[in-house]
Amino acid sequence: MASVINGTEAAAAVIEKVKSSAQALEAEAGVVTGLAVVIVGTDPASQAYVGSKSKMAKDCGFKSVQHSLPEETTQQELLALVAQLNADTSIHGILVQLPLPKHLDSEPVIQSILPEKDVDGLHVVNAGKLATGDIDTGLISCTPAGALILVRNVRGEDLSGLSAVVIGRSNLFGKPMGQLLLSRNATVTMAHSRTKDLAKVCAGADILVAAVGRPEMVKGDWVKPGATVIDVGINRVAAPEKGEGKHKLVGDCDFASCEPVAGAITPVPKGVGPMTIAMLMANTVIAAYRKAGKTAPKF
Ligand SMILES: Nc1nc(=O)c2c([nH]1)NC[C@@H]1CN(c3ccc(C(=O)N[C@@H](CCC(=O)O)C(=O)O)cc3)C=[N+]21
């Protein structure tokens, strides 16, 4: 039986540190940490995430601004808003909610954010710093940064001698997660949709991280006994047992079969999800400290 990792509790601990750091920065340097969240269009799930990010920012004592742009916003208009936020000295972090509507090209938008304000860690400068082993001067993508804290809480700071398998190779999660685990000395395998014998590869993992986007794909017999299982998937699926037309959230791991085998496992919801928002706040206060020329807190 695995211990179930409490992501809500771990996120609350991060948020407490963010709050006290933001307070100290305001007291010592007169700087109020500022976060701008940009959302284009009306996707209800995206609206909900953005709302909770803005609310959390306020709870942390930040200046929090939300820019909700209409679906028909042009590439040029979006780039102009980012340029305005880049120039705004009261804003330390800029997050453009993804995915953008289909007629917009997200890559030039992300790359137009100043690297020091890129709290999503997606700018090539930040991605490149992480890839070259500099984990101290850039900004690291929120979900992998949060997932690593959960791993450290279970396995400690040094992962020497442990094998880690990350399923998924996206720029937003899989690649930075693999690099973070490597920075802690784990032996890392990056698996993906073309990997042969995925179940067998996973079965060797002391740390198994699933970010495939397929509901409950990872089964208990893929899990090494005692492994730390981090489930990054958030899939909304039909839940007829809760009533007609009802839905529930499930991860990329089949919790029922993985939990008895794993040593520790994150649930969905209340696992990695809350850590993502907490690390967004952490990155924003880190950016504000650096802008003020002060040593940033470590998380
Ligand atoms: N530029 C950008 N950066 C992102 O980091 C980003 C994004 N775009 N677009 C959308 C995804 C999604 N995302 C989540 C954050 C928190 C929860 C979260 O807290 N989930 C709760 C459950 C929420 C629910 O009930 O729906 C949980 O897992 O317990 C989920 C998903 C950040 N994203």
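Calculation rules
- Residues numbered from 1 in each chain as written.
- Predicted model: local features only at pLDDT ≥ 70, side-chain atom pairs only at ≥ 80, totals over all residues.
- Near = placed C-beta within 6 Å.
- Helix = DSSP H or I, 4+ residues; strand = E, 2+ residues; numbered from the N terminus.
- Nonpolar A, V, L, I, M, F, W, Y, C, P; charged D, E, K, R; others polar.
- UniProt positions renumbered as here; feature names shortened; annotations may be inferred.
- Buried ≥ 20, exposed ≤ 12 C-beta atoms within 10 Å, placed from the backbone.
- Contact = placed C-beta atoms within 7 Å.

Side note on the site of the ligand
Reasoning step 1: The environment of the ligand is made up of 16 residues, and the closest members are Leu98, Pro269, Lys270, Gly273 and Thr276.
Reasoning step 2: Mapped onto the shell around the ligand, the elements with two or more residues apiece are strand 4 (93-96) and helix 10 (272-291).
Reasoning step 3: The leading source of residues in the shell around the ligand is helix 10, at 4 residues.
Reasoning step 4: Grouping the constituent residues of the shell around the ligand by class yields 11 nonpolar, 3 polar and 2 charged.

Examining the UniProt feature "binding site: NADP(+)" (unreviewed entry) in the chain
Reasoning step 1: The positions that UniProt labels "binding site: NADP(+)" (unreviewed entry) are, in the present scheme, Gly168, Arg169, Ser170 and Ile234.
Reasoning step 2: Mapped onto the secondary structure, glycine 168 falls in the loop between strand 5 (163-167) and helix 7 (174-183).
Reasoning step 3: You can call glycine 168 buried: it has 23 C-beta atoms within 10 Å.
Reasoning step 4: Once residues within four sequence positions are removed from consideration, glycine 168 is found in contact with Phe173, Gly174, His192, Ala211 and Val212.
Reasoning step 5: Structurally, the position occupied by serine 170 is in the loop between strand 5 and helix 7.
Reasoning step 6: For serine 170, a count of 15 C-beta atoms within 10 Å puts it in the partly exposed group.

Some details on the environment of leucine 180
Reasoning step 1: Among the structural elements, leucine 180 can be located in helix 7.
Reasoning step 2: Through-space distance from the C-alpha of leucine 180 to that of aspartate 221 is 26 Å; in sequence the pair is 41 residues apart.
Reasoning step 3: Contact partners of leucine 180, with chain neighbours within four places excluded, come to Pro144 and Leu148.

Description of unusual backbone geometry
Reasoning step 1: The omega torsion of the bond from leucine 98 to proline 99 falls at -5°, within 30 degrees of zero and hence cis.
Reasoning step 2: By the element assignment, proline 99 lies in the loop between strand 4 and helix 4 (106-112).
Reasoning step 3: The omega torsion of the bond from valine 268 to proline 269 falls at 0°, within 30 degrees of zero and hence cis.
Reasoning step 4: The phi dihedral of glutamate 216 falls on the positive side, at around 55°, and the residue is not glycine.
Reasoning step 5: With respect to the helices, strands and loops of the structure, glutamate 216 is situated in the loop between strand 7 (207-210) and strand 8 (228-231).
Reasoning step 6: Exposure remark for glutamate 216: the 20 C-beta atoms within 10 Å place this residue in the buried category.

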